[in-house]
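# Examination of the molecular architecture
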Amino acid sequence: MSDYLRELFSLHGRRALVTGGSSGIGYAVAEAIGRAGAEVVVVARREAELDKAVTRLREHGVTASWISADLGDRADVRRVCATAGTIDILVNDAGNNIRKPMAELTADDFERTMAVNFTAPYLLGQHYGPEMAARGWGRIINVGSQQSISAFGDSGIYGAAKAGLAGLTRSQAEAWSAAGVCVNTIIPGFVLTPLTEPAQAIPGRVEALAARHMVGRNGVPEDFAGAAVFLAGNACAFVTGQMLFVDGGFAVH
Ligand SMILES: NC(=O)c1ccc[n+]([C@@H]2O[C@H](COP(=O)([O-])OP(=O)(O)OC[C@H]3O[C@@H](n4cnc5c(N)ncnc54)[C@H](O)[C@@H]3O)[C@@H](O)[C@H]2O)c1
Ligand SMILES: O=C(O)[C@H](O)[C@@H](O)[C@H](O)[C@H](O)CO
C-alpha cells in the first residue's frame, strides 16, 4: 500500500469495539476493519459463536478478542465499558427485530427492541464518545436500516428504534465532531443474514426484494467491508452526522 493510501485508510494503532460482531454484517465489519489494521473486540451474547468469530478473525491475521454480554441489559453494557479498555472506533451493529403487527406489540417487545437497537448504542456512545473527544480522534458507526427513513410492515418498534438511531447519530456528531470524533449511520439494503431469516422464509420475498435493489440482488455481509473501512479511518474526517446508504440503490429505486 502506498503511503498516501495508508494515511487515508490504514487503521493500524486503532482499537475497535464491534457489537454484534459474531455474525452477519457485524462480523464482516469486524473482519474488514481488523484486516485494515485495527485491533478488534467483538461483543455479542453466545460464547461459542464469539469464539468461532474470533478464531476466524485471527486466521485473517487480526488481533481479536471477545466479551460476552446481553446488550439489552444495562448492567452488561456497563460491564463492557468497564472491561473493553481504550476504544477508538465504536461500531453499534447488534440489533433485533420483533416482527408483529403494530397493534399486537407489547410493552415488553417495545423495551427489548429499544434496549438493543437504541439504548445500548446510546449508552456505549455516552461512555466512549467523550473519551474519544478527549483524545482528539474517534469514529462511531451506527448500523441503521431502511426503516430509519421509511416504514415496512410488521416491525414498527424496530423502525422507530432505527429512526431514533439515525437521529442519535446526528446528536452525537453535533456533540463531538469538533473534537475529531466522526459519527455516521450505515443504512443497509436487504441482507441475507440470520436476522432476516423470517423474511427469507416467505415464498417469493427474497426475489422481490432483490428486484428492489438497483443492482438486482440482495446484499451479503461482505458488501459492508469498504464502507466500514472508510467510515472508521482518516478518509472520513469531513464526513459526520450522515446516513451512508450501502443498499445497492434500494432507497432511491
Ligand atoms: N440483514 C438485513 O437485511 C439488515 C438490514 C438493515 C439493518 N440491519 C441491521 O444490521 C445489524 C446486524 O444484523 P445482521 O443482519 O447482520 O443480523 P445477525 O443476526 O447476523 O447479527 C445480529 C448480531 O447482533 C447480536 N445481538 C442481537 N441481540 C443482542 C443482544 N441482546 N446482545 C448482544 N448482541 C446481540 C447477535 O448476536 C448478532 O451478532 C442489525 O442492527 C440489523 O438491524 C440488517
Ligand atoms: O429485519 C429485517 O427484516 C431487516 O432489517 C429489514 O427490515 C430490512 O432488510 C432492512 O430494514 C433494510 O434496511
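Cut-offs used in this document
- Residues numbered from 1 in each chain as written.
- Chains lettered and ligands numbered in written order.
- Predicted model: local features only at pLDDT ≥ 70, side-chain atom pairs only at ≥ 80, totals over all residues.
- Heavy atoms only, no water.
- UniProt positions renumbered as here; feature names shortened; annotations may be inferred.
- Helix = DSSP H or I, 4+ residues; strand = E, 2+ residues; numbered from the N terminus.
- Rg over C-alpha atoms; globule rule 2.2 N^0.38 Å.
- Contact = heavy atoms within 4.5 Å.
- Areas by Shrake-Rupley, 256 points an atom, 1.4 Å probe, with all protein chains shown as cover.
- Lys, Arg positive; Asp, Glu negative; His and termini not counted.
- Charge placed at Lys NZ, Arg CZ, Asp CG, Glu CD.
- Salt bridge = Lys/Arg side-chain N within 4 Å of Asp/Glu carboxyl O.
- Buried < 20%, exposed > 50% of the residue type's maximum accessible area, 1.4 Å probe, protein only.
- Pairing = 2+ DSSP bridges.
- Axes fitted to C-alpha atoms, helices over the stretch in contact; angles between N-to-C directions.
- Core = buried A, V, L, I, M, F, W, Y, C linked by side-chain atoms within 4.5 Å.
- Near = heavy atom within 4 Å.
- Polar contact = N/O pair within 3.5 Å; in protein donor to acceptor, adjacent residues only side chain to side chain.
- Nonpolar A, V, L, I, M, F, W, Y, C, P; charged D, E, K, R; others polar.

Under an unreviewed UniProt entry, the name given to the protein is Gluconate 5-dehydrogenase, and the organism recorded is Nonomuraea rubra. In its Sequence similarities (unreviewed entry) section, the UniProt record describing the protein reads: "Belongs to the short-chain dehydrogenases/reductases (SDR) family."

Along the protein, the regular secondary structure elements total 9 helices and 7 strands. Relative to a compact globule of 253 residues, whose C-alpha radius of gyration would be 18 Å, the protein shows 17 Å and is just as compact. Within the protein, residue pairs in contact and separated by at least 24 positions form 74% of the contacts whose partners lie at least 6 positions apart. Surface summary for the protein: the accessible area is close to 11,400 Å², and the carbon and sulfur share equals 55%. Treating the 22 positive side-chain charges of the protein as one cloud and the 25 negative ones as another, the clouds have centres 2 Å apart.

Going through the model one piece at a time under the given rule, you end up with 9 salt bridges. Among the salt bridges present, the one from Asp3 reaches Arg6, with a minimum N-O distance of 2.8 Å. Taken together, the residues span about one helical turn, with Asp3 and Arg6 both in helix 1 (residues 3-9) at a distance of 3 residues. Under the relative-accessibility criterion, Asp3 is labelled exposed at 60%.

Read from one edge to the other, the open sheet built from 7 strands follows the order 3-2-1-4-5-6-7, with strand pairing classed as parallel. Bordering the open sheet on either side are strand 3 (64-68) and strand 7 (243-246), each of which pairs with just one other strand. Recorded for the sheet is a direction-independent mean angle of 20° between the axes of neighbouring strands. As judged from the 4 bridges shared by strand 6 (residues 181-188) and strand 7, these two strands associate in the parallel manner. Bridge pairing in strand 7 places Ile186 opposite Leu244. Across the face of the sheet, helix 3 (residues 47-59) comes into contact with strand 2 (39-44) and strand 3 while running at roughly 170° to strand 3. Of the strands in this sheet, strand 4 (89-92), strand 5 (138-143), strand 6 and strand 7 touch helix 9 (residues 225-232), which is tilted by about 145° from strand 5.

Attention now goes to the side chain of Ser155. Note on placement: Ser155 falls in the loop between strand 5 and helix 6 (156-176). Discounting chain neighbours no more than four positions away, the residues touching Ser155 are Asn97, Ile98, Lys100 and Gln147.

To continue, consider the nonpolar core. Among the nonpolar cores identified, the biggest contains 35 residues, and Ile33 and Ile89 are the most heavily contacted of them. Considering each element in turn, this core owes the most residues, 6 residues, to helix 2 (residues 24-35). Among residues more than four places away in sequence, those in contact with Ile33 are Leu11, Ala16, Val18, Ala38, Val40, Ile89, Val91, Ala228, Val229 and Ala232. Listed in part, the 24 residues of the second largest apolar core include Met132, Ile140, Ala173 and Val181.

What follows is about the site of ligand 1. Ligand 1 sits among 29 residues. The nearest are Ser23, Asp93, Tyr158, Val191 and Thr193. Within the side chain of Lys162, a nitrogen or oxygen atom sits 2.8 Å from an oxygen atom of ligand 1. Contact between ligand 1 and Gly189: an oxygen atom at 3.5 Å from a main-chain N or O atom of the residue. Elements with a minimum of two residues in the shell around ligand 1: helix 2, helix 5 (107-135) and helix 6.

On to the site of ligand 2. Within the structure, ligand 2 sits among Asn97, Arg99, Ser145, Gln146, Gln147, Phe152, Tyr158, Pro188, Gly189, Phe190, Leu195 and Thr196. One of the side-chain nitrogen or oxygen atoms of Arg99 is found 2.8 Å away from an oxygen atom of ligand 2. At 2.6 Å from an oxygen atom of ligand 2 is found a side-chain nitrogen or oxygen belonging to Gln147. Class assignment of the residues belonging to the shell around ligand 2 gives a composition of 5 nonpolar, 6 polar and 1 charged.

Our focus in this paragraph is the side chain of Gln172. Relative to the helices and strands, Gln172 resides in helix 6. What makes Gln172 buried here is its relative accessible area of 4%. Each residue touching Gln172, except ones within four places of it in the same chain, is listed here: Pro121, Gly125, Ile140, Asn142, Ser177 and Val183.

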